[in-house]
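Below, each chain spelled out in residue letters.
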Amino acid sequence: MPELPEVETVRRGLNRLVKGATIASIDVYWPKIINNDLDSFKSRLAGQTIEKIDRRGKYLLFRFTGGLTMVSHLRMEGKYNVVPANTSRTKHTHVVFHLTDDRDLWYNDTRKFGRMTLVPTGEESTVGGLNKIGPEPVADQLTVAYMTAIFAKSKKMIKPLLLDQSKIAGIGNIYADEVLWMSKIHPMRPANLLTADEIATLHQNIIDEMAMAIKGHGTTVHSFSTAFGEAGQFQNQLHVYGREGEPCERCGTLIEKIKVAQRGTHFCPHEQRL
DNA sequence: CCAGCAGCCTGACAGC
DNA sequence: TGCTGTCAGGCTGCTG
């Protein structure tokens, strides 16, 4: 569930299902997922109530009574589920939060890449990538002036720059390809060579695409059958991601897939020129 | 500063 | 069928 629209969909699902719930106890089956001392993580959360779940970029912020925040990053495959108490866990259930209302909140993660960190509320900006995270991709926080300034300073290729969470929060591999196609910009173009018109177009497309994807409840690439984010419909509205070999919707040229900065990258070689 | 690459993990899929 | 290599929506840390 990785990019911002998917994480936002999970956040909304969690607020609907477990806001106000109280943790009775916690079982952890893959300790590396917890960045804190395990016993302290469990004992500090026992008895705490979930006030709400916030989000910053791709990070979920569970706000607890008692002034605690649990920062949770899903990385590639992390998922939350709510199940009846004592449901037998699956091979990919690595953390179980037992709630006091006869339900369990599961954290499932096939590849075990996700991480959780418990900190005093207000200190979440010390956690991992949150200490240097860029503005959210919404109109009142991400401005054309800001993008113009950071692009002018960088000769890096535009795609890896869009994926850099310290520059703009929340964009991942799917939406980076999508917004570059919409903006007719080659993914390998050095950022400092974008024109003012291209930056303005890209800025608008980033904001519109994120909003549209949230409205569509995110993108579901693999067909899983559980959890909150999986009602995602936005995969039906992708223009280039996963469409290599298919004709570009605008010009008919076949979409190509290449590697850019070690990431699979889809683009139209006719319209997206270097 | 940057680019490149290994590492973290498991599962799905293509090709032999 | 089984084996091998590659790939996957992310991020960190190391190297040159």
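Remember, it's a predicted structure, so these values are computed and weren't measured experimentally.

### Side note on the nonpolar core
Grouped burial of nonpolar side chains is what soluble globular proteins tend to show.
Part 1: Within the largest apolar cluster, 28 residues are counted, with the highest numbers of intra-cluster contacts made by M70, Y80, F97 and M116.
Part 2: No other element matches helix α1 (residues 4–18), which puts four residues into this core.
Part 3: In terms of nonpolar packing, the next biggest core, distinct from the first, is built from 27 residues, L4, F151, I168 and Y175 among them.

### Examining the protein's contact with DNA strand C
Part 1: Near DNA strand C, the surroundings consist of 25 residues, among which P2, E6, V221, Y241 and R263 are the closest.
Part 2: Each atom of DNA strand C within 4 Å of the protein was classed as base or backbone; sugar and phosphate made up 56%.
Part 3: Within the contact set of DNA strand C, a phosphate oxygen lies 2.9 Å away from a side-chain nitrogen or oxygen of K58.
Part 4: The side chain of R111 places a nitrogen or oxygen atom 3.2 Å from a base nitrogen of DNA strand C.
Part 5: Going through the elements one at a time, α5 (173–182), β9 (256–260) and β10 (263–267) are the ones with two or more residues in the surface near DNA strand C.
Part 6: By residue class, the composition of the surface near DNA strand C is seven nonpolar, ten polar and eight charged.

### Let's talk about the protein's contact with DNA strand B
Part 1: Taken together, the residues surrounding DNA strand B are W30, K32, K91, H92, T110, R111, K112, F113, K156 and Q262.
Part 2: The sugar-phosphate portion of DNA strand B accounts for 65% of its atoms within 4 Å of the protein, the bases making up the rest.
Part 3: Taking K32, its side chain carries an N or O atom lying 3.1 Å from a phosphate oxygen of DNA strand B.
Part 4: In this structure, T110 approaches DNA strand B through a main-chain N or O atom, which is 3.5 Å from a sugar or linking oxygen.

### Here's the deal with the pairing of strand β5 (residues 78–84)
Part 1: The element β5 is largely enclosed, with a buried count of five among its seven residues.
Part 2: As paired elements, β5 and strand β7 (residues 103–109) share seven bridges and run antiparallel to each other. Within β7, the residue paired with V82 across the bridge is L105.

### Thoughts on the UniProt feature "active site" (unreviewed entry) in chain A
Part 1: Per the UniProt record, "active site" (unreviewed entry) is annotated on P2, E3, K58 and R263.
Part 2: Within the element layout of this structure, K58 appears in the loop between β2 (50–56) and β3 (59–64).
Part 3: In this fold, R263 is placed in strand β10.
Part 4: Taking relative accessible area as the criterion, R263 reaches 35% and is therefore assigned partly exposed.

### A look at the side chain of K58
Part 1: In this structure K58 is buried but unpaired, with E3 as the nearest side chain of opposite charge at 5.7 Å.
Part 2: In this structure, K58 is in contact with P2, E3, L4, V7, S72, H73, Q165, G170, I171 and G172, ignoring residues within four places of it in sequence.

### Remarks on the environment of K153
Part 1: The residue K153 is located in the loop between α3 (144–152) and α4 (158–163) in this model.
Part 2: Measuring from C-alpha to C-alpha, the distance between K153 and Y175 comes to 23 Å, with 22 residues separating the pair along the chain.

### Focus on the sheet that holds strand β8 (residues 115–120)
Part 1: Across the sheet, four strands lie side by side as β2-β3-β4-β8; this open sheet has antiparallel pairing. Every interior strand has two partners, whereas the edge strands, β2 and β8, have only one. Strand-to-strand, the axes of this sheet are offset by a mean angle of 20 degrees, without reference to chain direction.
Part 2: Both β2 and β3 contribute to a ladder of six bridges, which runs antiparallel. Residue pairing for β3: K52 is matched across the bridge by R63.
Part 3: Contacts from α1 reach β2 and β3, with the element oriented near 175 degrees to β2.

### Re the domain arrangement of chain A
Often, the extent of an interface is quoted as the loss of accessible area on bringing the components together.
Part 1: The domain boundaries assigned to chain A delineate domain 1 (4–121) and domain 2 (144–267).
Part 2: Its C-alpha centre places domain 1 at a distance of 29 Å from the equivalent point of domain 2.
Part 3: Listed as interface residues are 18 residues of domain 1 and, on the opposing side, 18 residues of domain 2.
Part 4: Interface area for domain 1 against domain 2, summed over the two sides, is near 1,400 Å², with a carbon-plus-sulfur share of 69%.
Part 5: Inspection of the region where domain 1 meets domain 2 yields zero salt bridges.
Part 6: Connecting domain 1 to domain 2 are five residue pairs in polar contact (both at pLDDT 80 or more).
Part 7: Of all the secondary structure elements, the ones that give two or more residues to the side of domain 1 that touches domain 2 are α1 and β5.
Part 8: A total of ten residues in the side of domain 1 that touches domain 2 trace back to one element, the largest contributor, which is α1.

### Quick notes on the sheet that holds β5
Part 1: Read from one edge to the other, the open sheet built from four strands follows the order β1-β6-β7-β5, with strand pairing classed as antiparallel. Each edge of the open sheet carries a strand with a single partner, namely β1 (23–28) and β5. Neighbour-to-neighbour, the strand axes of the sheet open up by a mean angle of 20 degrees, direction not taken into account.
Part 2: Seen against the sheet, helix α2 (residues 38–45) touches β1 and β6 (93–99) and runs at an angle of roughly 160 degrees to β1.

Parameters at a glance
- Residues numbered from 1 in each chain as written.
- Chains lettered and ligands numbered in written order.
- Predicted model: local features only at pLDDT ≥ 70, side-chain atom pairs only at ≥ 80, totals over all residues.
- Heavy atoms only, no water.
- Core = buried A, V, L, I, M, F, W, Y, C linked by side-chain atoms within 4.5 Å.
- Buried < 20%, exposed > 50% of the residue type's maximum accessible area, 1.4 Å probe, protein only.
- Helix = DSSP H or I, 4+ residues; strand = E, 2+ residues; numbered from the N terminus.
- Near = heavy atom within 4 Å.
- Polar contact = N/O pair within 3.5 Å; in protein donor to acceptor, adjacent residues only side chain to side chain.
- Nonpolar A, V, L, I, M, F, W, Y, C, P; charged D, E, K, R; others polar.
- Pairing = 2+ DSSP bridges.
- UniProt positions renumbered as here; feature names shortened; annotations may be inferred.
- Lys, Arg positive; Asp, Glu negative; His and termini not counted.
- Salt bridge = Lys/Arg side-chain N within 4 Å of Asp/Glu carboxyl O.
- Contact = heavy atoms within 4.5 Å.
- Axes fitted to C-alpha atoms, helices over the stretch in contact; angles between N-to-C directions.
- Domains from an automatic or database assignment.
- Buried area = accessible area lost by both parts, 1.4 Å probe.

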